[in-house]
Amino acid sequence: MSTLIITSLNALSFGLLLFLLSAGLTLIFSMMGVLNFAHAGFYMLGAYAAYTLGLHAGFFPALVLAPLAVGALGMLVERFGLRKVHAYGHVAELLFTFGLAFIIEELVQLVWGKAPVGYPVPQALSGAAFTVMGSPFPLYRLFVMAVSVGVLLLLYLTITRTRTGLIIQAALTHPRMVEALGHNVPRVFMTVFGVGVALAALAGAVGAPMSVTEPAMAHAIGPIVFVVIVLGGIGSLKGAFIASLLLGFAQNFAILYDLSPYQLALDAFGPGAAGMLDFELFRITIAQFAPLLPFVVMVLVLLVRPQGLCGRPGSGA
Amino acid sequence: MIKPTILAAGLAALLLAGPAGAQVRIAQLDGMSGPFSNVGEQQRRTLLSMIEEINAAGGVNGEKLELVTIDGKGSPQETLNAFKQATDQGIRYITQGNSSAVAAALVDAVGKYNRRNPDAPVVYFNHSGIDNDLTNGKCDFWHFRFDPNVDMKVGAIARELLQDKAVKSVYLINQNYALGQQFSASAKRILAEDGGGIEVVGDDLHPFGQVKDFSSYAAKIKESGADAVMTGNWGNDLSLLVKAINEAGLKTGIYTIYGSGFGAPTAIKENGVDTLKVMSLWLPNIPQDKSQAFADAYNKRYGQQLYFHQIRTMLQMFAQAARDAGSNDPLKVAQKLEGMQFDSDTGPALMRKEDHQIQVPMFLGTLKKTAASGGPAEVRYDAENTGVVGFQVDGKIAAADTAKPTTCNMKRPF
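Residues numbered from 1 in each chain as written. Chains lettered and ligands numbered in written order. Predicted model: local features only at pLDDT ≥ 70, side-chain atom pairs only at ≥ 80, totals over all residues. Heavy atoms only, no water.

**Digging into the overall build of chain B**
Reasoning step 1: If you tally the helices and strands in chain B, you get twelve helices and 15 strands.
Reasoning step 2: The contacts in chain B between residues at least 6 apart in sequence include a share of 71% that link residues at least 24 apart.
Reasoning step 3: Carbon and sulfur atoms form 52% of the exposed surface of chain B, whose accessible area is close to 16,100 Å².
Reasoning step 4: For chain B, the separation between the mean place of its 42 positive charges and that of its 44 negative charges on side chains is 3 Å. (Helix = DSSP H or I, 4+ residues; strand = E, 2+ residues; numbered from the N terminus. Contact = heavy atoms within 4.5 Å. Areas by Shrake-Rupley, 256 points an atom, 1.4 Å probe, with all protein chains shown as cover. Lys, Arg positive; Asp, Glu negative; His and termini not counted. Charge placed at Lys NZ, Arg CZ, Asp CG, Glu CD.)

Right under this line is the structure:
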């Protein structure tokens, strides 16, 4: 029982972190129509920036400064890169961010080296938050959950409830009208891109102590983030939220079960009937299958709903 | 007409000057690019430091050693190309250890090459590829391994677990690829054979380098009630596992074979204090360590801790064998090397004649805070220059106690 509760909490914190990471990507896509392949790269930059800033400024200031710095970098990328490429259409933008992802990865290796850097949980946030029937739940994971929920709530309210959000939404659908009203539409886009990138960097900074900060981290997380936004429906924040949690729970719970079709048949019908299933394929347990799950779920959902869970029909990739 | 003259004169000078004495070249074929290039670089530095030490003492039989690094890119095909480059240059000694898959391809290629060129054979020194097969079913006269194989390392851990009366059950968790599978199979077999009654209560194979959240594995280990965890994991897969086990509040020992390197101490730090254990050929805090001066110089030169101690023993044994043979000829050196007893820095070692598998002492270490950070006084050196944590040496297993039987049926080319 305690295993189930702890695993649920772990899945929730992992899912929320995944959402924080994919929210920026889906935000940029829904606002600007750019599928940013370098998103995971900015996530990694966030982790490294927080590591370096943390050495000088301390953990908590770094948590704020790193996303700001990387977000500013993102704005520069938009202003002097993406905006120029924009004229040549979405494929050019895609290729631009694709190349950017490689540049970031190589730069990180040049600056910080190939070996992992140590980025521990700060003293104030280490230890257990509470225990569930003898199983501790780490305080840091609770902190990650709080940060994710807080930031995303702020984001959601900004977009839907404020004047700024109104202008952003209007700039998306009626850019000429908004421009005519005296707003600087390119600057709006630049800001949106910067905020999206800053969210990725924040996910990197806040998630780094839970994982390992090393040059392959972008490469490792990249595919999962794309699964999240495709599964949720490209451009849908709500969809990304549902998809992140779904993946968090699916992966964490699958690991708990060592059941395989062969084992099930053995338990139900005895060795005779189970012999028919005695192949490597049917001996694979659910736990071993766990890392494949996100991709299987994505393929299945796309078969039934090509636009993703919450995407508008026709808006899918 | 001036230019050709200068060129000719320059060329003549080059040819005449040449190296002062003849050189014995050793080709390192480890992957020097790609994701594990930092490991290849670490091995290159260790080889280089050792070669310089041997040369400073006069070289071997009046000849100096020279290291030639050719990037094998970590793949069997690319390494075979690198091997061809090495033989084209007339190099007769090669070394590689980053990958057992590459090692298997090299053993094969070296065997073939030597059958075709019986007058100029090549010897392969394997410094770290630990697949059991290389000194069992696939053993070869021209292959010498200087790192204990999986069975020997697992056996050494099992031996320590048996002495620790509190451990009645272990949980196995490994990366789902050749090494992890072999580690798991080896642990199950050895724990069943040695009759200590230690039960295997869990056996997980997880995807290699793909798992981002190990908390569910930690929950599973906790539910199993295991007294110890055994893993062949390394790198991030080990760091994340140890962190997750620590987060779950588990205090069980985590017995590893790679816990002291590959970025694990850096990423784990205090999360593994008292729980992370490593079975290793060498640790910085060994009492009366004969390698201390070498390790200190290495750390000072590269700003990195020595890890591949087996490379030191490997080149020391090579130099000794060549001196004993009175020749740097690969066949004569190989004949001296097999069955050779050697007084290594860590104690008596033996290059077993039957399978060319080194028998060398191993050490069990536990991660502790360093003496400077309030840990035990004997933890003077930290791990990977983390500053805060280091390995305390708990015990030494003599070379003879690490021996495992072999199925090798060595065919000698004479």
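**Brief notes about unusual backbone geometry**
Only a minority of non-glycine residues have a phi that is not negative, and only a minority of peptide bonds are not trans.
Residue and element names in this part refer to chain B.
Reasoning step 1: With a phi angle near 55 degrees, lysine 73 is a residue other than glycine that sits in the positive phi range.
Reasoning step 2: Inspection of the secondary structure assignment puts lysine 73 in the loop between strand S2 (64–69) and helix H3 (76–88).
Reasoning step 3: Here histidine 356, not a glycine, exhibits a phi torsion of approximately 60 degrees, which is positive.
Reasoning step 4: Mapping histidine 356 onto the fold places it in the loop between strand S12 (347–351) and strand S13 (358–359).

**Points about the packing of aromatic side chains**
Reasoning step 1: Enumeration over the complete set of coordinates arrives at 27 aromatic pairs over all chains.
Reasoning step 2: Pairing phenylalanine 60 of chain A with phenylalanine 143 of chain A gives two aromatic rings, centres 6.1 Å apart and planes at 90 degrees, and the pair type is edge-to-face. Residue phenylalanine 60 of chain A is found in helix H3 (residues 59–86), and its partner phenylalanine 143 of chain A is found in helix H5 (residues 139–161); the two are separated by 83 residues along the sequence.
Reasoning step 3: The ring of phenylalanine 294 of chain B has arginine 312 of chain B sitting right over it, with the charged end atom 4.5 Å from the ring centre. (Phe/Tyr/Trp six-rings, centres within 6.5 Å; stacked < 30°, edge-to-face > 60°. Lys NZ or Arg CZ within 6 Å of the ring centre and 35° of its normal.)

**Concerning the sheet that holds strand S9 (residues 253–256) of chain B**
Residues and elements named next belong to chain B.
Reasoning step 1: As summarised here, the arrangement of the seven strands in space is S7-S6-S8-S9-S10-S14-S15, forming an open sheet in which the pairing is mixed. At either end of the open sheet lies a strand with only one pairing partner, and these are strand S7 (199–206) and strand S15 (389–397). Neighbour-to-neighbour, the strand axes of the sheet open up by a mean angle of 25 degrees, direction not taken into account.
Reasoning step 2: Strand direction decides the pairing type here: strand S10 (residues 276–280) and strand S14 (residues 362–369), joined by four bridges, are antiparallel. Directly across from serine 280, in S14, lies its bridge partner phenylalanine 363.
Reasoning step 3: Its contacts with the sheet place helix H6 (residues 178–193) against strand S6 (169–175), S7 and strand S8 (228–231), and it is angled at close to 160 degrees to S6. (Pairing = 2+ DSSP bridges. Axes fitted to C-alpha atoms, helices over the stretch in contact; angles between N-to-C directions.)

**Examining helix H5 (residues 150–163) of chain B**
All names here are of chain B.
Reasoning step 1: Relative to the 20 Å expected for 14 residues at 1.5 Å per residue, H5 spans 20 Å between its end C-alpha atoms, a close match to the ideal helical length.
Reasoning step 2: Here H5 has its buried residues at Val150, Asp151, Met152, Lys153, Val154, Gly155, Ala156, Ile157, Ala158, Glu160 and Leu161.
Reasoning step 3: A side-chain oxygen of the first residue of H5 lies 3.3 Å from the backbone nitrogen of aspartate 151; this N-cap is asparagine 149. (Expected span 1.5 Å × (residues − 1). Buried < 20%, exposed > 50% of the residue type's maximum accessible area, 1.4 Å probe, protein only. Polar contact = N/O pair within 3.5 Å; in protein donor to acceptor, adjacent residues only side chain to side chain.)

**Overview of the side chain of aspartate 204 of chain B**
Reasoning step 1: Tracing the chain through its elements places aspartate 204 of chain B in strand S7.
Reasoning step 2: Contact partners of aspartate 204 of chain B, with chain neighbours within four places excluded, come to Asp258 and Ala287 of chain A together with Tyr171, Leu172, Ile173, Asn174, Tyr217 and Lys220 of chain B.

**Regarding the environment of valine 225 of chain A**
Residues and elements named next belong to chain A.
Reasoning step 1: By the element assignment, valine 225 lies in helix H9 (residues 217–232).
Reasoning step 2: For valine 225, a relative accessible area of 4% translates into the label buried.
Reasoning step 3: When sequence neighbours within four positions are dropped, the list of residues in contact with valine 225 reads Leu21, Ser22 and Leu25.

**Brief notes about the side chain of asparagine 10 of chain A**
Reasoning step 1: Within the secondary structure, asparagine 10 of chain A sits in helix H1 (residues 2–32).
Reasoning step 2: Filtering out sequence-adjacent residues up to four positions away, asparagine 10 of chain A remains in contact with Phe137 and Arg141 of chain A together with Asp213 and Ser215 of chain B.

**Examining a nonpolar patch on the surface**
Reasoning step 1: A surface patch of nonpolar side chains, about 670 Å² in accessible area, is lined by Met1, Leu4, Met133, Tyr257, Leu259, Leu264 and Ile286 of chain A.
Reasoning step 2: Along the chain, leucine 4 of chain A turns up in helix H1. (Patch = residues over 30% accessible without salt bridge, like charges linked within 9 Å, V, L, I, M, F, W, Y side chains within 5 Å. Salt bridge = Lys/Arg side-chain N within 4 Å of Asp/Glu carboxyl O.)

**Here we look at the environment of serine 100 of chain B**
All names here are of chain B.
Reasoning step 1: Mapping serine 100 onto the fold places it in helix H4 (residues 100–116).
Reasoning step 2: Along the chain, serine 100 and alanine 156 lie 56 residues apart, while their C-alpha atoms are 20 Å from each other.
Reasoning step 3: Excluding anything up to four places from it in sequence, serine 100 contacts Gly129, Ile130, Asp131 and Leu134.
Reasoning step 4: A distance of 3.2 Å separates a polar atom in the side chain of serine 100 from the backbone nitrogen of isoleucine 130.

**Quick look at the nonpolar core**
Reasoning step 1: In this structure, Phe42 of chain A together with Ile94 and Met230 of chain B are the most contacted members of the largest nonpolar core, which totals 208 residues.
Reasoning step 2: Beyond its immediate sequence surroundings of up to four residues, isoleucine 94 of chain B is in contact with Ala27, Leu29, Phe83, Ala86, Leu106, Val110, Val122, Val123, Tyr124 and Phe125 of chain B.
Reasoning step 3: Counting residues in hydrophobic clusters, the runner-up holds seven residues, among them Leu9, Val132, Met145 and Leu245 of chain A. (Core = buried A, V, L, I, M, F, W, Y, C linked by side-chain atoms within 4.5 Å.)

**Topic: the interface of chain B and chain A**
Reasoning step 1: On the side of chain A, 30 residues touch chain B, which itself brings 27 residues to the contact.
Reasoning step 2: Counting the surface lost from both chain B and chain A, the interface buries some 2,500 Å², and carbon and sulfur atoms represent 53% of this.
Reasoning step 3: Counting across the chain B and chain A interface gives three salt bridges.
Reasoning step 4: In this structure, the salt-bridge partner of arginine 141 of chain A is aspartate 213 of chain B, at a minimum N-O distance of 2.8 Å.
Reasoning step 5: The interface formed by chain B and chain A includes 14 residue pairs in polar contact (both at pLDDT 80 or more).
Reasoning step 6: Of all the elements, helix H7 (residues 215–224) of chain B adds the most residues to the side of chain B that touches chain A, at seven residues.
Reasoning step 7: Of the residues assigned to the side of chain B that touches chain A, the class counts are seven nonpolar, eleven polar and nine charged. (Buried area = accessible area lost by both parts, 1.4 Å probe. Nonpolar A, V, L, I, M, F, W, Y, C, P; charged D, E, K, R; others polar.)

**Quick look at the state of the cysteines**
All names here are of chain B.
Reasoning step 1: The full count for this structure, using the stated rule, is one disulfide over all chains.
Reasoning step 2: Disulfide pairing places cysteine 139 opposite cysteine 408 at an S-S distance of 2.0 Å. The chirality of the disulfide connecting cysteine 139 with cysteine 408 is right-handed, given an S-S dihedral of about 80 degrees. Of this pair, cysteine 139 sits in the loop between strand S4 (123–126) and strand S5 (143–145) while cysteine 408 sits in the segment after S15, and the two are 269 residues apart along the sequence. (Disulfide = S-S within 2.5 Å.)

**Observations regarding the sheet that holds strand S3 (residues 93–96) of chain B**
Working definition: the strands of a sheet are paired by backbone hydrogen bonds and lie parallel or antiparallel to each other.
Residue and element names in this part refer to chain B.
Reasoning step 1: An order of S2-S1-S3-S4-S5 is seen for the five strands of this open sheet, with the pairing classed as parallel. Among the strands making up the open sheet, the edge pair consists of S2 and S5. Strand-to-strand twist in this sheet, taken as the mean axis angle between neighbours without regard to direction, amounts to 25 degrees.
Reasoning step 2: As paired strands, strand S1 (residues 23–28) and S3 are joined by three bridges and run parallel to one another.

**A closer look at the confidence of the model for chain B**
Residues and elements named next belong to chain B.
Reasoning step 1: Summing up the model confidence of chain B, the mean pLDDT is 92 and the portion of residues at 70 or higher is 95%.
Reasoning step 2: Overall, residues 12–20 carries pLDDT values under 50, and its contacts beyond four positions in sequence, including any with other chains, amount to one contact.
Reasoning step 3: For this predicted complex, the interface confidence score (ipTM) comes to 0.85, while the overall pTM stands at 0.88. (pLDDT = per-residue confidence, 0-100.)

**What to know about the environment of alanine 120 of chain B**
Residues and elements named next belong to chain B.
Reasoning step 1: Tracing the chain through its elements places alanine 120 in the loop between H4 and S4.
Reasoning step 2: Looking at alanine 120, the relative accessible area reads 28%, which means it is partly exposed.
Reasoning step 3: Taking C-alpha positions, alanine 120 is 32 Å from proline 405, a pair spaced 285 residues apart along the chain.
Reasoning step 4: Other than its neighbours up to four places away in sequence, alanine 120 contacts Arg92 and Tyr113.

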